[in-house]
Amino acid sequence: MTSARELKDTVVDAFNQHDVPGIVRCFAPRAVLVSPTGLAEGREQISWYYEHLFEGFPDIKFTAWNKPLLDDPAVTEYMYTGTHQGPFLLADGSVLQATGRHIAVRGVAVCSIENGLITTDRDYYDQLELYAQLGIPFRTKIPA
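Since the structure is predicted, the reported quantities are computational estimates derived from the model, not experimental observations.

Cut-offs applied
Residues numbered from 1 in each chain as written. Predicted model: local features only at pLDDT ≥ 70, side-chain atom pairs only at ≥ 80, totals over all residues. Heavy atoms only, no water. Phe/Tyr/Trp six-rings, centres within 6.5 Å; stacked < 30°, edge-to-face > 60°. Helix = DSSP H or I, 4+ residues; strand = E, 2+ residues; numbered from the N terminus. Buried < 20%, exposed > 50% of the residue type's maximum accessible area, 1.4 Å probe, protein only. Contact = heavy atoms within 4.5 Å. Core = buried A, V, L, I, M, F, W, Y, C linked by side-chain atoms within 4.5 Å. Expected span 1.5 Å × (residues − 1). Patch = residues over 30% accessible without salt bridge, like charges linked within 9 Å, V, L, I, M, F, W, Y side chains within 5 Å. Areas by Shrake-Rupley, 256 points an atom, 1.4 Å probe, with all protein chains shown as cover. Salt bridge = Lys/Arg side-chain N within 4 Å of Asp/Glu carboxyl O.

Chemist: Teacher, can you tell me more about the packing of aromatic side chains here?
Modeler: The geometry of an aromatic ring pair comes down to the distance between the two centres and the angle between the two planes. Taken as a whole and assessed by the stated rule, the structure comprises 11 aromatic pairs. With 5.6 Å between their ring centres and 75° between their planes, Phe62 and Tyr80 make a pair best called edge-to-face. With Phe62 in strand β3 (residues 61-66) and Tyr80 in strand β4 (residues 74-83), this pair connects stretches of sequence that are 18 residues apart. As far as the burial class goes, Phe62 and Tyr80 line up, both buried.

In structure tokens form, the structure reads like this:
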């Protein structure tokens with residue numbers, strides 16, 4: 001029986017090869033990927049999420065630095081590193097064109113499975129940290 005840890009490690013390997021079909025094969029047909037950018041529901045949306053990420057950051061890498069000994073859920077603390085070299089969709093729906101900036105963003109992913117496939121993968125990282133590294137100013141409206 002495949003564990004969540006084994007599946008997440010397979011996803012990480014496929015991620016670092018930018019192998020979208022290899023990533024998506026690990027997900028159940030109705031799986032949900034949760035990230036700071038929103039929900040991706042089902043294999044088609046999950047595929048789009050990773051395709052978009054690889055387009056914006058063609059050299060992005062996922063480096064796991066802590067994997068607690070749990071079978072399910074699999075918890076992975078990591079660092080994303082890469083260079084912003086293509087269009088990247090922002091949370092407000094606008095597209096940030098390539099900045100050439102390097103990113104190093106810390107995060108944690110929590111992955112659960114059923115019947116040998118990922119059903120939920122919850123990816124948490126600090127979007128403000130990412131945006132600051134991309135040179136996007138933080139703006140907030142202060143009530144009058």
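Chemist: Looking at this model, I keep getting lost on the side chain of His52. Mind explaining?
Modeler: Take His52: it is sitting in helix α3 (residues 42-56). Filtering out sequence-adjacent residues up to four positions away, His52 remains in contact with Pro87, Phe88 and Leu89.

Chemist: Mind showing me how you'd approach the nonpolar core here?
Modeler: A general tendency of soluble globular proteins is for nonpolar side chains to be buried together. Grouped together as the largest cluster of nonpolar side chains are 39 residues, with contacts concentrated most on Phe15, Ile23, Ile46, Tyr50, Ile118 and Leu130. Going through the elements one at a time, α1 (4-16), α2 (20-24), β1 (27-35), α3, β4, β7 (102-114), β8 (117-125) and α4 (127-133) are the ones with two or more residues in this core. If you tally residues by element for this core, the top one is α1, at 6 residues. In contact with Ile23, other than residues within four places in its own chain, are Val11, Ala14, Phe15, Tyr50 and Phe54.

Chemist: What exactly am I supposed to notice about α1 here?
Modeler: In an α-helix there are 3.6 residues to a turn, and that puts residues three or four apart on one side. Its 13 residues place the ends of α1 18 Å apart at the C-alpha level, agreeing with the 18 Å of an ideal helix rising 1.5 Å per residue. When we look at burial in α1, the residues that qualify are Ala4, Arg5, Leu7, Lys8, Val11, Val12, Ala14 and Phe15. With its phi angle positive at about 55°, His18 sits one or two positions after the end of α1.

Chemist: Would you mind going over a nonpolar patch on the surface with me for this structure?
Modeler: Nonpolar side chains collect at one region of the surface, where Trp48, Leu89 and Val95 lie side by side and expose about 270 Å² of accessible area between them. Note on placement: Val95 falls in strand β6 (residues 95-96).

Chemist: What should I look at first to understand the environment of Arg43 in this one?
Modeler: Secondary-structure assignment places Arg43 in helix α3. It is 16 Å that separates the C-alpha atoms of Arg43 and Ser112, two residues lying 69 residues apart in sequence. Once residues lying within four places of it in the same chain are set aside, the contact partners of Arg43 are Val24, Arg25, Phe27, Ala28, Pro29 and Leu117.

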